[in-house]
There are 2 protein chains.
Amino acid sequence: MNQPLEQLRVLMKERSMDAYLIPSSDYHQSEYFDAHFETTRFLSHFSGEACTLVITPDQALLWTDGRFFVQAEEQMDTENFQLCRMGMEGVPTVEEYLAQALPEGGCLGFDGRIISIRYLHKLKEMLKGKNVRLAWGEDLVDQVWTDRPALKPQPAFVHELNYAGKSREEKLAELRAEMKKLGATAHILTSLDDEAWLFNIRGNDVPCTPLVFSYTVVTEEETHLFLYPEALTETVQKSLDESHVVLHDYSDIYDFLETLPRDAAVLVDEKRVNMALAGHLPESCRLISGDNPTTLAKAIKNDTEIKNLIHCHIKDGVAMVRFMRWLKSHIGKEPMTEISASDVLEQYRREQNENLGLSFSTIAGYGPHGAMMHYMAVPETDAELHPEGFLLVDSGGQYMDGTTDITRTFVLGPISQEQKQHFTAVARGMLNLANARFLEGCCGLNLDYLAREPMWELGIDYRCGTGHGVGYLLSVHEGPQSFRWKERPGEKLCPLVPGMVITDEPGIYLDYRYGIRTENELLCVRDEKNEYGQFLRFRNITYCPIDLDGIDTQYMSPREIRYLNDYHSMVYETLRDYLTPDEAEWLKEATRPVGLEK
Amino acid sequence: MNQPLEQLRVLMKERSMDAYLIPSSDYHQSEYFDAHFETTRFLSHFSGEACTLVITPDQALLWTDGRFFVQAEEQMDTENFQLCRMGMEGVPTVEEYLAQALPEGGCLGFDGRIISIRYLHKLKEMLKGKNVRLAWGEDLVDQVWTDRPALKPQPAFVHELNYAGKSREEKLAELRAEMKKLGATAHILTSLDDEAWLFNIRGNDVPCTPLVFSYTVVTEEETHLFLYPEALTETVQKSLDESHVVLHDYSDIYDFLETLPRDAAVLVDEKRVNMALAGHLPESCRLISGDNPTTLAKAIKNDTEIKNLIHCHIKDGVAMVRFMRWLKSHIGKEPMTEISASDVLEQYRREQNENLGLSFSTIAGYGPHGAMMHYMAVPETDAELHPEGFLLVDSGGQYMDGTTDITRTFVLGPISQEQKQHFTAVARGMLNLANARFLEGCCGLNLDYLAREPMWELGIDYRCGTGHGVGYLLSVHEGPQSFRWKERPGEKLCPLVPGMVITDEPGIYLDYRYGIRTENELLCVRDEKNEYGQFLRFRNITYCPIDLDGIDTQYMSPREIRYLNDYHSMVYETLRDYLTPDEAEWLKEATRPVGLEK
């Protein structure tokens, strides 16, 4: 019996709601968010970050994507919830389900603050003709969640120019120029990473992500920033005052929007701005739907950021190399578990200069746990590590000079020939994509096949994209660039631009057996320019060996072997001076050239 | 002095037109068309099939794409016309130019019958705010083209069920089902290949393409076909009568459209239907903009078509092998030119069973001519062939059982090491794409890089797509599938579907030096289906050796060498029984395995 679920149904009945919709989100459409917003976990017990619940009087459904199928099966309240595997044949989407389940003239409830404008349009489109009433004014989960964790806004801090590389004033001027191009007289910006980037401030309001709860409204002349008072240290206030930013309380945004000029042309990213905000605009305002201009600007790292970022990745690489050496030499000699190993890695990271903690909860999955793409060990699942099989470790750090994201799969002892073939295929995919050379204008969609090919050749797929953008002391996932092979409906393809950072992380995930992922971060850089155009390529900025105990060169082409050896030689040359002589010696062996005997 | 150009300017002046726009097109937005429609050639002397002219009182501009830059420079009236290289840096598009060149309140003239609805929208969008008048009622070129060739409609014929594989009634029923899904009560179909496919008729009204000048209107109950009386043989009339197709005269379409019900919901493909037609619909009609449902249906070949198509390609392969053997053994021993060699190839094709001629004018480009992607030798340019360098031959045939398109580049004698490297790169690109294995849902955009990679590695690009769909006794270019790396604005990406045929034709084009292209047709087929989904791959259906005199295996990976040898072995096994013993012996040598000595 799931008490909160039953209480929710009582509230629904009182309000004559036929269904209640609960996506995992906060008021900013953030990917990660405070425990306060973990409504889907509270109700279903599933902790994955991509989850949507639909509750009806007699059904409770949970949608999640391929990264989380196994985890959902393990964690969720399967007695009361039914798992809907997104993207699988015969599984309806949330909206298809609602369109079918809601009666003519029925009522759908949800909290409008966690639903984007775009999603509202989609819902309306799917439900059109059914005369369904949308009741979006109440957060019903709040009423049944008696011990809901409170929001605790933290002090913000200024990300100074030697880190940021571009001043707040310059960024605001560029934003206003983009607004002008689009004919906008005002712009509502509610994505926390865009706001932190725009104002060169950081905070601590979102787990593992140095963001500040905030809303922003930029007009032709004025800049309004809505913050919790707790965020406003004296330094932050002084800095923002100097830039003539008008400060408001976080919750005053709704009232403020009502005061916008009646003829305002308001640029909003309908994917990011919640529908409740839009509902507070004067009705005569014209909405201009478009991507936040800051999203692309933020993705293209400036020279200062790039210089810092490389330094930050070297530090992260040192921590990773120390961890790998410790792991490979201590396994089987002392007890260790997924969590204890993660703690060792975290310790090595925290010892690095200007580290601010992790950029996301470390994924350390041993054996079958590695097959859950976004597994997070908790005491009940924490597996003991033995000198055999694979340990997949996906982790990253936040530093004053950047954010990192790296995955390595470590061979802890004997593995089968099939495991070697799979490990080698994943490395080949990563390396082949990292070594692409392409004309300006290419998008992730054009190149994704390079990473996926070795797996598809084996009749295997990883059910997710191949890579995502990475923030700079910001979110570990950021757009607009990505490596994927399927278009996202309604999203424009984003060409790769010099200065963009993107992960390259193919994998093989065999449910209940093992998982392998190898992830580097790539920096897009200029190559030759000639009569055919500007060629681009990637520079590897992740510095850590790929475990050679998993590599079998019989599965590699001569070119792939060269890619591997070149990468390893670069890792060694980059890190050697930052390591103790013993560590450097170990790294030299871990990055030795392979496949040359033939 | 260009007399017609000056006369056109006089007419423009009389009508107060500030610019006159002339795209290369017929009334059906066909790619190839009768000499009657060669207005751009008449005025500019450039014969390429992708051309747009803009005439102003003091400028005459000619836009064409990368396939035609060199050819345009050679052919066009450069004294009076200025070449605008589409896609090159700093070159405005036609619409950008018009937006800048037309004065506020000015007038733009064009013939509305050769402008699509979509293009009209684009023009209006680009010119909005300038208050420009569009004068689309007159074909001014017609008034200055005194010896314009008349249209000569030819008799049509029925493409019987043993060829077509699906009856007209079945196709119409499927079309109506698609119309119903889209909420359409009527559908205007004006793309000639879609119409020929839908009615299982063929004709001879377009060069190298067995099409019939026609318009079609399908309503929920009725089927109306508008034809020239010359097309209607007794057999065709009887066959169409049996399917209850209502026949009209070709030119009656405009009046007919005015009689459609005022509340009709009319499905039109705005890319294909001309704006003059749309202008004749009752104003109260609702336009439903969408792809012609027949375009996708036609692209997915049925089992009968596939069986026939393979047989047709075997015949075409026999002709190609005979030609290649003749060419390689006679070069340097007897005089030959681009045209005389093309004639030999055409003769071999015509000797094949059920051949109906060529599917396009053969491109036979020797040396520097090969660098012009769509070069067509004419007596003034016809180059003599010598036993050295490359001869690029892109050709195809029309057969009762299919349409073919193949390019081979032949090594006529000594070539440089660089030429070998380039020839091998092109073959590698073709083979790598042909051997792709991919999940259902993949589009050409996902795979194009495979063909392009060996060229991009060398810092070279071919400035066009990698491949296109091919008709079945229809147009040699058909959609919706394609291999390209750039999206076409406003076009949806088209997943590859089993049954689709698509060309795979990378190349290297070095202006004033040489051109290399190797083109196979690929049939998309099912591969393994498992928990990850349905895997697809391609089957090569072009049977002709790649000239091994151009191949240097030092540039190939072991896998690429295997692809080449496997392809060659398949060509030999497929064709041997259709050849004389001498020819088979020659083919065996031409398809011998390479690269094994190492």
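**Things to note about the pairing of strand E20 (residues 406-411) of chain B**
All names here are of chain B. Across the 6 residues that make up E20, a large majority, 6, are buried. A two-sided burial pattern is seen for E20, the buried positions comprising Ile406, Arg408 and Phe410 on one face and Thr407, Thr409 and Val411 on the other. Where strand E17 (residues 390-395) meets E20, 6 bridges bridge the pair, whose relative direction is antiparallel. The residue of E20 that forms the bridge with Leu392 is Thr409.

**A look at the packing of aromatic side chains**
Under the criterion given, the structure shown has 38 aromatic pairs over all chains. On the basis of an interplanar angle of 90 degrees and a centroid distance of 5.1 Å, the ring pair of Trp456(A) and Trp485(A) is categorised as edge-to-face. With Trp456(A) in helix H17 (residues 444-457) and Trp485(A) in the loop between strand E23 (478-483) and strand E24 (501-504), this residue pair connects regions lying 29 residues apart in the sequence. You can call Trp485(A) buried: its relative accessible area is 9%. Three or more aromatic residues link up through ring pairs in this structure, and these residues are Phe213(A), Tyr215(A), Tyr228(A) and Tyr250(A). Directly above the ring of Phe69(B) sits Arg85(B), whose terminal nitrogen or CZ lies 6.0 Å from the centroid. Positioned above the aromatic ring of Tyr462(B) is the side chain of Arg452(B), whose terminal nitrogen or guanidinium carbon lies 4.1 Å from the ring centre.

**Thoughts on the relation of the copies chain A and chain B**
Here the two chain copies are tied together by a rotation about an axis and a shift along that axis. For the pair chain A and chain B, the relating rotation is 180 degrees, the translation along its axis is 0.0 Å, and the fit reaches an RMSD of 0.0 Å. Viewed as a symmetry operation, the transformation between the two copies matches a two-fold axis. By C-alpha distance to the rotation axis, the residue of chain A lying nearest is Asn446(A), at 2.5 Å. When the interface residues of chain A are mapped onto chain B, 100% of them again fall at the interface, so both copies present the same face.

**Comments concerning the sheet that holds strand E15 (residues 355-358) of chain A**
Ordered by their spatial adjacency, 3 strands build an open sheet running E15-E18-E19 (chain A), and the pairing between neighbours is antiparallel. The strands lining the two open edges of the sheet, one partner per strand, are E15 and strand E19 (402-403) of chain A.

Cut-off values and rules
Residues numbered from 1 in each chain as written. Chains lettered and ligands numbered in written order. Predicted model: local features only at pLDDT ≥ 70, side-chain atom pairs only at ≥ 80, totals over all residues. Heavy atoms only, no water. Buried < 20%, exposed > 50% of the residue type's maximum accessible area, 1.4 Å probe, protein only. Helix = DSSP H or I, 4+ residues; strand = E, 2+ residues; numbered from the N terminus. Pairing = 2+ DSSP bridges. Phe/Tyr/Trp six-rings, centres within 6.5 Å; stacked < 30°, edge-to-face > 60°. Lys NZ or Arg CZ within 6 Å of the ring centre and 35° of its normal. Least-squares fit on C-alpha atoms with pLDDT ≥ 70 in both. Contact = heavy atoms within 4.5 Å.

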